[in-house]
Amino acid sequence: MTLYKQLSFLVTLLLISIFIIVLGVNFKNSIDSVQEQLYSDAKNTATSLSLSLASANGNISMMSTMINANFDNGAYQEITLVDMQGELLYERHSENSSIDVPKWFMNLVPIKAPVASANVSAGWNPIGILNVQSSTSAAYTQLYKILYSLTISFSITFIISIAFLYLLLSILLKPLQNIRFQAEAISNNRFIIQEKLPYTLDFREVVKAMNIMVQKVEEIFNKANEALRRQSELMYKDEATGLYNRKYLINKLPEYLKIDAGVPSGICIMLAIEGAQEANRLVGRQKVDKLYGDIARMLKQHSKDFKNSIVVRMNGTEFFILLPSCSEENGISLAHYMSHASDILLSKELDRKVTYITFGVYEYHHKQSVSHLLGASDYALSQAKLVDKTHVYFHKAETTHEIMGKEEWRKTLDFAIEHNTIYFDTYKVIDTVTKKIIHNVLSISVIGYDAQKYPYGKFIAPAITLGLDIEIYKKAVLKIFKEPNAKLKGSTCSLRLSSQYLDDPMTFAELKHILNRYAKNLPFKLIIELPDKVLRSASENLQLYKDLFELHDIQIGIFEFIGESEDYTYLKELRPSYIKAEADYFLGLTSQDLSSLQVITDSIGTDLIATGVIAPESLEKLQNINIHKVQGHITEMLD
């Protein structure tokens, strides 16, 4: 219960107690006053009537007439006249008459009218004693009206007082609501500074302390962000040319060489400057370094027409270009063109026969490993050195023929989409310290017309080639919400969405409709995994997805993280549940780089998860650098 509710309850209870006590005291005084009034009226009547009866000189008939006259004109319960021996001479009783007073009130407030007595005498001769008792009917009516008036007036006063006190409490405790909001934001790893300080001294000191704490966390985050940014530049950038280096290429290539790569093939061009040492001797290192810069600008200029291309300086004399979706013909043509352009650059200062550039062109496809691609590119480069004049050599990748042809895959995938034979395989992410499952990774699989099951790794590449991947994602997302697996109830699950699916113009509206209709009935907690390159874009579309997921209590996870961003503020804004990166990426970081990354993730409550963990040796190395959450084949041994 909040402090506002507690104070409101206590104030209400106190006011109710005060009003009940005051009402009770006032009503008790009214009862006492009515009791006294009844006795006073009876005493006055007894005194005045006894004097009148004295004039009758003991004539009972005359006295009874006088008694009747007084009884009929007053409100009396009983008037009796007895002689000196106690014998009844005359009496008059009132009949029971109904009064407009609730019975419960008469039972709750018993009133007994007192009896007043007076001596009746004729001269010095006593005649008897006159007893008078007033009627309680008028008293009950009067008291009920008093109680009704008191209740109405006290109720109105109570309501006004409560409203005023609640308003006063709201004003006084408004800073506390802001403090609570700030505290909840901090617990959710959102850091908000209150600019307006409250007037109440205690609240003001609390707000100041919380602001100082938030500022310190912000400073820690910013320092770690700046350190990681500088370290990323040192780790991934070649200082002389501004190009990426070999380490960046090795960490980035898995994004292109995967089963669901958006572009399944392309061209690699590796080039080397031959005779660099002789060039340094002839024209000096400064001019040669300028030559390297000119070559870097030429490579970037010719690669910018290819989306998501990479230009890398592998070492002092070798460069590498990755051109996704580039065809064999275009790749060879581009290599020849750059060879001619480089001849012009070299001829300005150097002897073309001594110093020249060789170009090894290689056609890659997504099923290759990083080592295979680099090895084949090196082979193409070594062969280029043997080619006279052009020094350009093309090496074609060995193609692996699919068991199923394109039309067979189309038939299979069309069947799965039409008959909704889309299912989910589950893989575990495990905490190696507690040995508990952190969450289940949901991987899409399909069953074709031949009743065969095809896991994600088998069908997704043909689906992308045939343009059916987005439709499969749509069906899968609908199924996970509309027909959730009851066996996963109470667990946490993650679903990876591709950038192609998110970029589709119809996706957001369809996803919003699905979440609005089915998300509240989802029996397990869901985390949507998005690629790091999508989240770093900070696009307006991404903000829409973020707001939509937050509305339905769906968290965001990051995958394909290699730390290539120039600013990690986007992590603070997104506050992802976790960041997934290849185990080799974490193991390749320096202790300083890893420490800065962990400072950032710890400050926003984000976990680091190593993927692709296979060997126990890798697991041990990860544990030594405090990476305890893993995904991969190793989890089968830990389970």
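What counts and how
Residues numbered from 1 in each chain as written. Predicted model: local features only at pLDDT ≥ 70, side-chain atom pairs only at ≥ 80, totals over all residues. Heavy atoms only, no water. Pairing = 2+ DSSP bridges. Helix = DSSP H or I, 4+ residues; strand = E, 2+ residues; numbered from the N terminus. Axes fitted to C-alpha atoms, helices over the stretch in contact; angles between N-to-C directions. Phe/Tyr/Trp six-rings, centres within 6.5 Å; stacked < 30°, edge-to-face > 60°. Buried < 20%, exposed > 50% of the residue type's maximum accessible area, 1.4 Å probe, protein only. Lys NZ or Arg CZ within 6 Å of the ring centre and 35° of its normal. Salt bridge = Lys/Arg side-chain N within 4 Å of Asp/Glu carboxyl O. 1 Å grid on protein atoms, 1.4 Å probe; cavity = no way out; pocket = protein on both sides within 12 Å on 5 of 7 lines; lining within 4 Å. Points joined across faces, edges and corners; volume = space filled by probe spheres on them. Parallel < 35°, antiparallel > 145°, perpendicular 65-115°, else oblique. Contact = heavy atoms within 4.5 Å. Nonpolar A, V, L, I, M, F, W, Y, C, P; charged D, E, K, R; others polar. Patch = residues over 30% accessible without salt bridge, like charges linked within 9 Å, V, L, I, M, F, W, Y side chains within 5 Å. Areas by Shrake-Rupley, 256 points an atom, 1.4 Å probe, with all protein chains shown as cover. Polar contact = N/O pair within 3.5 Å; in protein donor to acceptor, adjacent residues only side chain to side chain. Core = buried A, V, L, I, M, F, W, Y, C linked by side-chain atoms within 4.5 Å.

Engineer: Quick rundown of the sheet that holds strand E2 (residues 88–93)? Include the residues and the values.
Structural biologist: Read from one edge of the open sheet, four strands run E2-E1-E4-E3, paired in antiparallel fashion. Only two strands of the sheet have a single partner each, and these edge strands are E2 and strand E3 (115–122). Ignoring which end each strand starts from, the neighbouring axes of this sheet average 15° apart.

Engineer: Run through the sheet that holds strand E10 (residues 392–395), naming residues and quoting values.
Structural biologist: Hydrogen bonds between backbone atoms are what pair the strands of a sheet, whose relative direction is either parallel or antiparallel. Pairing in this open sheet of six strands is mixed, and the strands run E5-E7-E8-E6-E9-E10 from one edge to the other. Every other strand in the sheet has two partners, leaving strand E5 (244–245) and E10 as the edge strands with one partner each. Bridge count for strand E9 (residues 356–365) against E10 is four bridges, and the pairing is parallel. Across the sheet, Gly-360 pairs through a bridge with Tyr-393, a residue of E10.

Engineer: Tell me about the packing of aromatic side chains, residues and numbers included.
Structural biologist: Going through the model one piece at a time under the given rule, you end up with 13 aromatic pairs. Ring geometry for Tyr-236 versus Tyr-248: centroids 5.3 Å apart, planes at 75°, classification edge-to-face. A residue pair is termed long-range when its members are at least 10 positions apart, and Tyr-236 in helix H5 (residues 201–236) and Tyr-248 in helix H6 (residues 246–256) qualify at twelve residues. Overall, the relative accessible area of 3% leaves Tyr-248 in the buried class. By the ring-pair criterion, three or more aromatic residues cluster together here, those being Phe-561, Tyr-568, Tyr-570, Tyr-585 and Phe-586. Cation over ring: Lys-237 sits above Tyr-244, and NZ or CZ is 5.3 Å from the ring centre.

Engineer: Tell me about the pattern of salt bridges, residues and numbers included.
Structural biologist: Tallied over the full model, the rule gives 21 salt bridges. Lys-252 is paired through a salt bridge with Glu-255; the nearest N and O atoms lie 2.9 Å apart. One end of the pair is Lys-252 and the other is Glu-255, both in helix H6 and three residues apart, which spans about a single turn. Among the residues examined, Glu-255 registers a relative accessible area of 13% and is labelled buried.

Engineer: Outline empty space enclosed by the protein, listing residues and values.
Structural biologist: Inspection of the entire model under this criterion finds two cavities of 30 Å³ or more. Considering only enclosed or pocket space, the largest cavity measures out at about 80 Å³ in volume. Lining the largest cavity, in full, are Arg-229, Ser-232, Glu-233, Tyr-236, Lys-237, Tyr-244, Glu-564, Ser-565 and Glu-566. Here the lining of the largest cavity takes four residues from H5, the largest share from any one element.

Engineer: Any chance you could break down the packing of helix H12 (residues 456–466) against helix H13 (residues 469–482) for me, citing the residues and the numbers?
Structural biologist: Two numbers describe how H12 lies on H13: the axes approach to 8 Å, and their chain directions differ by 130°. Between H12 and H13, the interaxial angle falls into the category oblique. Along its contact with H12, which presents Tyr-456, Phe-459, Ile-460, Ala-463 and Ile-464, the element H13 presents Asp-469, Ile-472 and Tyr-473. Here the contact of H12 with H13 is composed, by residue class, of seven nonpolar, no polar and one charged.

Engineer: Give me the pairing of E2: which residues, what numbers.
Structural biologist: Here strand E1 (residues 76–83) runs beside E2; their pairing, made up of five bridges, is antiparallel. In the strand pairing of E2, Ile-79 is matched with Arg-92. The antiparallel pairing of E1 with E2 creates a hairpin that spans four residues between the two strands, and Gly-86 there sits at a positive phi of about 90°.

Engineer: Would you mind going over a nonpolar patch on the surface in detail, with residue names and values included?
Structural biologist: A cluster of nonpolar side chains, Tyr-148, Ile-152, Ile-156 and Ile-160, forms an exposed patch at the surface whose accessible area comes to about 420 Å². Residue position: Tyr-148 is located in helix H4 (residues 137–187). Under the relative-accessibility criterion, Tyr-148 is labelled exposed at 51%.

Engineer: Would you mind going over the pairing of strand E7 (residues 310–313) in detail, with residue names and values included?
Structural biologist: Here E7 shows no split at all, with Ile-310 and Val-312 on one side and Val-311 and Arg-313 on the other all buried. In the sheet, E5 pairs with E7 via two bridges, with the strands oriented parallel. Looking at the pairing, Asn-245 lines up with Arg-313 of E7. As paired elements, E7 and strand E8 (residues 318–324) share four bridges and run antiparallel to each other. When the bridges of E8 are listed, Arg-313 appears paired with Phe-319. Here E7 folds back onto E8, and the loop between the two strands holds four residues.

Engineer: I'd like to hear about the side chain of Thr-241, residue by residue, with values.
Structural biologist: If you trace the backbone, Thr-241 turns up in the loop between H5 and E5. There is a polar contact of 3.3 Å between the side chain of Thr-241 and the backbone nitrogen of Leu-243.

Engineer: Residues and numbers for the nonpolar core, please.
Structural biologist: Counting 100 residues, the largest nonpolar core has Phe-320, Phe-459, Phe-481 and Phe-586 as its most contacted members. Ranked by residues supplied to this core, first place goes to H13 with seven residues. Phe-481 has contacts with Ile-514, Leu-515, Tyr-518, Ala-519, Leu-522, Leu-526 and Ile-554, leaving out every residue within four places of it along the chain. Ala-279, Ile-321, Ala-335 and Ala-341 belong to the second largest nonpolar core, which has 30 residues in total.

Engineer: Could you give an account of the environment of Asp-532, with specific residues and numbers?
Structural biologist: Tracing the chain through its elements places Asp-532 in helix H16 (residues 532–535). When the C-alpha positions of Asp-532 and Lys-28 are compared, they lie 78 Å apart, and in sequence the two are 504 residues distant. Contact partners of Asp-532, with chain neighbours within four places excluded, come to Ile-558, Phe-559, Glu-560, Phe-561 and Tyr-570. In terms of polar contacts, Asp-532 uses its side chain to reach the side chain of Arg-536, at 2.9 Å. Separated by 2.6 Å, the side chains of Asp-532 and Tyr-570 make a polar contact.

Treat this as a map of the structure, not an account of what it does.
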